[in-house]
Amino acid sequence: MAEVLVYVDHVDGAVRKPTLELLTLARRLGDPVAVALGAGAADTAAALAQHGAVKVLTADAPEFADYLVVPKVDALQAAYDSVSPAAVLVPSSAEGKEIAARLAVRIGSGLITDAIDVQAGDEGPVATQSAFAAAFTTTSRITKGTPVITVKPNSAPVEPAAAAGTVEELAVTFGAAATGTRIVSSTPRESTGRPELTEAAIVVSGGRGVNGAENFAIIEALADSLGAAVGASRAAVDAGWYPHSHQVGQTGKSVSPQLYIASGISGAIQHRAGMQTSKTIVAINKDAEAPIFDLVDYGVVGDLFQVVPQLTEAIKARKG
Amino acid sequence: MSLRIVVCVKYVPDATGDRHFADDLTLDRDDVDGLLSELDEYAVEQALQIAAAHNDSGDGDAEITVLTVGPEDAKDALRKALSMGADKAVHVEDDDLHGTDALGTSMVLAKAIEKTGYDLVVCGMASTDGTMGVLPAMLAERLGVPQVTLLSEVSVEGGTVKGRRDGDAATVRLEAPLPAVVSVTDQSGEARYPSFKGIMAAKKKPVESLDLEDLDIDAGDVGLDGAWTAVDSATQRPARTAGTIVNDEGDGGEQLAGYLASQKFI
């Protein structure tokens, strides 16, 4: 069976969920061969094997942490050269897309980004994407070279499937470009203890109607009652009420959770672009004419300062 | 030392318009107004600030060329950038470019950038239509220069570009020697509005037109037929069935909790 390269997103050996989802998709196309780079790369092997990786190629070198993106491209290309895969799958993070882009140029292959599904087809993998603020769904395939596809989080279930997961060290020769962009300093993002926005099953977002940074506490309280991530509209971020890293929308993060709760968000096209593929959408807004209500499965026309705390208490009561 | 800055911009359909696909599954440009991609305005703004700082430093003159690949109408995007303050424009326009994908566009842009001459290439973080966000990385790969991308802060001093990148897991400070490719986010600083004087001056600024022959690119390598990817279908998402909407009569939160429980979210 053909091999399929899967680029592993991990933090010090802890594999992030989108990579496990990729392994589910990769198994539809062939035998997954995972590529894990940087500190803790070898520690990923057990989790990857449990989810179907027949082989885990690992490499660690200071270059991965000291220089931007290109050393990882060099390594992925080395894996590509050693395996000759039928496809390369990469998580659709900002960095993942850049790695995939450079690899595609190098190997002369087409690139599809932000796939929300991948299926085997007669002429290679068929990727489903959503376009124009999720108003359209397209299917595409790559017509030249080895398909390189980046896949959005929450696009496939995580399915255990035991495989050998044989660990092999990958020999990487860094090219001259690898040391082009130096990472002078790195400040880890402070953990909020909440799930990562793009990976979360439930997202609770606040917008202009939250009316102040201090009021985001009630959005956070609702999120915590549901074990959810917190999002914010661009209006709230631009006003300085919540960090940009939580912005949902065209210029922020694109989310596709099981449940999206929008509070005080009118639903401008730029926001809808980032959340419209959510499975269930709920909105709370005092303006009955807000466009967000066109999208909802359930909407409450009312003052979020009344509705949200009541909802939080009701959830806590039901959870006991 | 002069500083030659090339800003890559895209002419995109207005996101607030009714965007859809044409029969050949490319973007239908006829039925919706186009404009300079909002995210590219940030690139033009940062280029203007970098140029101003360079000129103030007495290191010589900075010159900003704004570059686009697109149909005749794409000149509107160039004019907007010129009216903001860019010095000149290059428009790559050729009927054979219709349907070119990201791989092809990066090739055309790279050739045009090399032909124009550059020390720094500045891009927006993504287009507002395709939203792939891969072009800056592709350009750096093709040009063989460092990529300093997704910056919320950027500066150029003494032949070095520095910036701040807010990643998912960490905020990093980056540094690379020129020439380099930079992309900036919508956090980099509000883009200026063109002044009346700027709009009048833009009309006199040079716009150079290039076609595929000028760039020594074979038509078979671009356009729909030359694309590295093919769109097989585009389906309009069915309108969501109208949801339940209740007016809060004092128990809106309770009712919503009931709904969430019925959907097994609680």
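**Overview of the environment of P32 of chain A**
All names here are of chain A. Of note, P32 is situated in strand β4 (residues 31-37). The buried category is assigned to P32, whose relative accessible area is 2%. The spatial distance from the C-alpha of P32 to the C-alpha of V307 is 47 Å, given a sequence separation of 275 residues. Leaving out residues up to four positions away in the same chain, P32 has contacts with V4, V6, L23, A26, R27, G52, A53, V54 and K55.

**What about a nonpolar patch on the surface?**
A cluster of nonpolar side chains, namely F196, I199 and M200 of chain B, defines an oily patch on the protein surface of about 320 Å² accessible area. As for its placement among the helices and strands, I199 of chain B is situated in helix α5 (residues 196-202).

**Examining the sheet that holds strand β17 (residues 280-285) of chain A**
If you walk across this open sheet you meet the six strands as β15(A)-β14(A)-β16(A)-β17(A)-β18(A)-β13(B), and the pairing is parallel. The outermost strands of the open sheet, each flanked by one partner alone, are β15 (229-232) of chain A together with β13 (244-247) of chain B. In this sheet, adjacent strand axes meet at a mean angle of 15 degrees when their direction is disregarded. Bridge count between strand β16 (residues 259-263) of chain A and β17 of chain A: five bridges; the pairing is parallel. Note on β17 of chain A: the bridge partner recorded for Y260 of chain A is I281 of chain A. Most of the contacts of helix α6 (residues 216-226) of chain A go to strand β14 (residues 202-206) of chain A, to which it runs at about 170 degrees, and overall it touches β14, β15 and β16 of chain A.

**Examining the environment of Y80 of chain A**
Residues and elements named next belong to chain A. Inspection of the secondary structure assignment puts Y80 in helix α4 (residues 70-83). Residue Y80 is classed as buried on the basis of its relative accessible area, which comes to 15%. Setting aside chain neighbours within four positions, we find Y80 in contact with L5, P85, V88, I107 and T146.

**Some words on the side chain of D114 of chain A**
Assignment of secondary structure puts D114 of chain A in strand β7 (residues 111-115). Here the side chain of D114 of chain A touches S92 of chain A through a polar contact of 3.0 Å, side chain to side chain. Each residue touching D114 of chain A, except ones within four places of it in the same chain, is listed here: S92, K97, T128, Q129, T150 and K152 of chain A together with T131 of chain B.

**A short note on empty space enclosed by the protein**
Residue and element names in this part refer to chain A. With the rule as written, the count across this model stands at one cavity of 30 Å³ or more. Estimates place the volume of the largest cavity at around 30 Å³. Residue lining of the largest cavity: T192, R194, P195, V230, Y242 and H246, and that is the complete set. Classifying every residue of the lining of the largest cavity gives three nonpolar, two polar and one charged.

**Topic: the pattern of salt bridges**
Taken as a whole and judged by the stated rule, the model has 29 salt bridges over all chains. Ionic pairing is found between E38 of chain B and R234 of chain A, a salt bridge with its closest N-O pair at 2.9 Å. Linking E38 of chain B in helix α1 (residues 38-56) with R234 of chain A in helix α7 (residues 234-238), this pair reaches from one chain into another. As a salt-bridge pair, E153 of chain B and R173 of chain B come within 3.3 Å of each other at their nearest N and O atoms. Residue E153 of chain B is found in strand β7 (residues 147-157), and its partner R173 of chain B is found in strand β9 (residues 170-177); the two are separated by 20 residues along the sequence. Owing to a relative accessible area of 36%, E153 of chain B belongs among the partly exposed residues under this scheme. Put simply, D9, R16, E196 and E199 of chain A are held in one network by salt bridges that share partners.

**Focus on the interface of chain B and chain A**
Contacts between the two partners involve 74 residues from chain B, matched on the other side by 83 residues from chain A. Approximately 7,000 Å² of surface area, both sides summed, lies buried where chain B meets chain A, with 55% of it carried by carbon and sulfur atoms. Scanning the region where chain B abuts chain A turns up six salt bridges. Among the ionic pairs, D232 of chain B bridges to R141 of chain A, the shortest N-O distance being 2.6 Å. At the junction of chain B with chain A, the criterion picks out 42 residue pairs in polar contact (both at pLDDT 80 or more). Counting only elements with at least two residues in the side of chain B that touches chain A, the list comes to α1, α4 (135-143), β7, β8 (160-166), β9, β12 (229-236), β13 and α7 (252-262) of chain B. The element that contributes the greatest number of residues to the side of chain B that touches chain A is α7 of chain B, accounting for 10 residues. When the residues that make up the side of chain B that touches chain A are grouped by side-chain class, the tally is 35 nonpolar, 23 polar and 16 charged.

About the cut-offs
- Residues numbered from 1 in each chain as written.
- Chains lettered and ligands numbered in written order.
- Predicted model: local features only at pLDDT ≥ 70, side-chain atom pairs only at ≥ 80, totals over all residues.
- Heavy atoms only, no water.
- Helix = DSSP H or I, 4+ residues; strand = E, 2+ residues; numbered from the N terminus.
- Buried < 20%, exposed > 50% of the residue type's maximum accessible area, 1.4 Å probe, protein only.
- Contact = heavy atoms within 4.5 Å.
- Patch = residues over 30% accessible without salt bridge, like charges linked within 9 Å, V, L, I, M, F, W, Y side chains within 5 Å.
- Areas by Shrake-Rupley, 256 points an atom, 1.4 Å probe, with all protein chains shown as cover.
- Salt bridge = Lys/Arg side-chain N within 4 Å of Asp/Glu carboxyl O.
- Pairing = 2+ DSSP bridges.
- Axes fitted to C-alpha atoms, helices over the stretch in contact; angles between N-to-C directions.
- Polar contact = N/O pair within 3.5 Å; in protein donor to acceptor, adjacent residues only side chain to side chain.
- 1 Å grid on protein atoms, 1.4 Å probe; cavity = no way out; pocket = protein on both sides within 12 Å on 5 of 7 lines; lining within 4 Å.
- Points joined across faces, edges and corners; volume = space filled by probe spheres on them.
- Nonpolar A, V, L, I, M, F, W, Y, C, P; charged D, E, K, R; others polar.
- Buried area = accessible area lost by both parts, 1.4 Å probe.

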